[in-house]
Structures are given as structure tokens and as C-alpha cells.
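Chain residues, written in single-letter form:
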Amino acid sequence: QVQLVESGGGLVQPGGSLRLSCAASGSIFSINAMGWYRQAPGKQRELVAGIASSGSTNYADSVKGRFTISRDNAKNTVYLQMNSLKPEDTAVYYCNARILQIGTVTWRDYWGQGTQVTVSS
């Protein structure tokens, strides 16, 4: 079994910062890409930021220059540092990881349970 557990969401004022963490655990052989998605009420889930196993990153245009994604491969953890937060960043944030489980030959996508981020004064 593989689990992704997120933490770090909450309520923050516009212009503030939050740091999300997502730790993968279980029978993991290897982790490829990791990323953060978000889903606001009434909207589709969208990619916020992704990071490859090599460390290369990509961001949604709406968060470039404000959010930074990073990973600690030794801890199987991905982070999302969010600065200069805006009300439109309010959403449930989900982490995603492409994982090869021990004893298998197929990479699978796993998702965290989601963490609420609310930006409001």
C-alpha cells in the first residue's frame, strides 16, 4: 500500500504565505514526478506545479513567481511554498505522485486526501 499525506493548509490573509507538505509512505520502490493540483468550488481540478525526479519544475501561469515547488527525495516528500497569496488561490490542494510500488512493474498515480487553503481578510 502507498499513502500520500498532506499538511500545511489553513486560513491566511491576502499577501500572506503558506507552506504545504506531502509525504509518501508505504511499499515504495521509486517515485517519478510529483506535483500539486487544486480545485476551487465549481471548477475543474488544475495543475499548480510539478517537479520531475531530476528536479526540473513547471508552474501554472497564475502562480509563477509566487509559488515554489521542491522535493526531498530522501524523505519522499514534496513541498509547495506559496507566497503573495490571493483570494483566487482559495481551493482544496491535492498532491500527486507517480510511484512504482515494490513488487510491481507499472507506474501508478497516487493522490493525497486534499488540504484546504483559504485566502481571505
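What counts, and where the lines are drawn
Here the residue numbers are simple positions, counted from 1 along each chain's written sequence. For this predicted model, a pLDDT threshold of at least 70 governs which residues receive local features, and a threshold of 80 or more governs which side-chain atom pairs are given and counted, while totals over whole chains, interfaces and linings are taken from all residues. Side-chain descriptors were evaluated using all non-hydrogen atoms of the structure, hydrogens and water having been removed beforehand. Cysteine sulfur atoms that pair up within 2.5 Å are treated as a disulfide. Numbering goes from the N terminus for both helices and strands, where a helix is a DSSP run of H or I of at least four residues and a strand is a run of E of at least two. Burial classes: relative accessible area under 20% of the type maximum marks a residue as buried, over 50% as exposed, and values in between as partly exposed (1.4 Å probe, protein chains only). Contacts between residues were defined by any pair of non-hydrogen atoms, one from each residue, lying within 4.5 Å. Each nonpolar core is a collection of buried residues, namely Ala, Val, Leu, Ile, Met, Phe, Trp, Tyr and Cys, held together in the definition by side-chain atoms within 4.5 Å. When the centres of two rings from Phe, Tyr and Trp lie within 6.5 Å, Trp using its six-membered ring, the rings pair. Their planes under 30 degrees apart give stacked, over 60 give edge-to-face, and anything left gives tilted. Our definition puts a charge over a ring when NZ of Lys or CZ of Arg is within 6 Å of the ring centre and also within 35 degrees of the ring normal. By definition here, a salt bridge exists when the distance from a side-chain nitrogen of Lys or Arg to a carboxyl oxygen of Asp or Glu is within 4 Å.

Novice: Explanation requested: the state of the cysteines in the structure shown.
Specialist: Here a disulfide denotes one covalent bond, and it connects the sulfur atoms of two cysteines. A full pass over the atoms with the stated rule returns one disulfide. The disulfide partner of Cys22 is Cys95, and the gap between their sulfur atoms is 2.0 Å. Of the two residues, Cys22 is situated in strand S3 (residues 18–26) and Cys95 in strand S9 (residues 91–101); the sequence distance between them amounts to 73 residues. Cys95 sits in the buried class, given a relative accessible area of 0%.

Novice: When you look at the side chain of Gln101 in this model, what are you seeing that I'm missing?
Specialist: Residue placement: Gln101 occurs in strand S9. Setting aside chain neighbours within four positions, we find Gln101 in contact with Gln1, Val2, Ser27, Phe29 and Tyr110.

Novice: Mind showing me how you'd approach the nonpolar core here?
Specialist: Where a protein is soluble and globular, its nonpolar side chains tend to be buried together. Trp36, Leu80, Met82, Tyr93 and Ile99 are the most contacted members of the largest nonpolar core, which has 31 residues in total. Of all elements in the fold, only strand S1 (2–7), S3, strand S4 (28–39), strand S5 (46–51), strand S7 (67–72), strand S8 (77–82), S9 and strand S11 (115–119) reach the threshold of two or more residues within this core. It is S9 that provides the largest number of residues to this core, a total of five residues. Non-local contacts of Ile99, meaning those with residues more than four positions away in its chain, are made with Val2, Leu4, Ala24, Ile28, Ser30, Ile31, Thr106, Trp107, Arg108 and Tyr110.

Novice: Looking at this structure, I do not really get the packing of aromatic side chains. What am I missing?
Specialist: What characterises a pair of aromatic rings is the spacing of the ring centres plus the angle enclosed by the ring planes. One pass over the full model with this rule turns up one aromatic pair. Over the face of the ring belonging to Tyr79 we find Arg19, whose NZ or CZ atom lies 4.1 Å from the ring centre. One cation-aromatic arrangement involves Arg45 over Tyr94; the distance from NZ or CZ to the ring centre is 3.8 Å.

Novice: Explain the pattern of salt bridges to me, please; I cannot follow it from the model alone.
Specialist: Between side chains of opposite charge, pairing is possible as soon as their charged atoms come close. Under the counting rule described, the total for this entry stands at five salt bridges. A salt bridge links Lys64 to Asp61; its shortest N-O distance comes to 3.1 Å. The residue Arg98 makes a salt bridge to Asp109 at a minimum N-O spacing of 2.9 Å. Here Arg98, found in strand S9, pairs with Asp109, found in strand S10 (residues 107–111); they are 11 residues apart in sequence, far enough to count as distant. Residue Arg98 is classed as partly exposed on the basis of its relative accessible area, which comes to 38%. For Asp109, a relative accessible area of 36% gives the class partly exposed. Counted as one network, the salt bridges with shared partners bring together Arg38, Glu46, Arg66 and Asp89.

Novice: Would you mind going over the environment of Val92 with me for this structure?
Specialist: Along the chain, Val92 turns up in strand S9. Looking at Val92, the relative accessible area reads 22%, which means it is partly exposed. Among residues more than four places away in sequence, those in contact with Val92 are Tyr37, Arg38, Gln39, Gly114, Thr115 and Gln116.

These results come straight from atomic positions and should not be treated as a statement about function.
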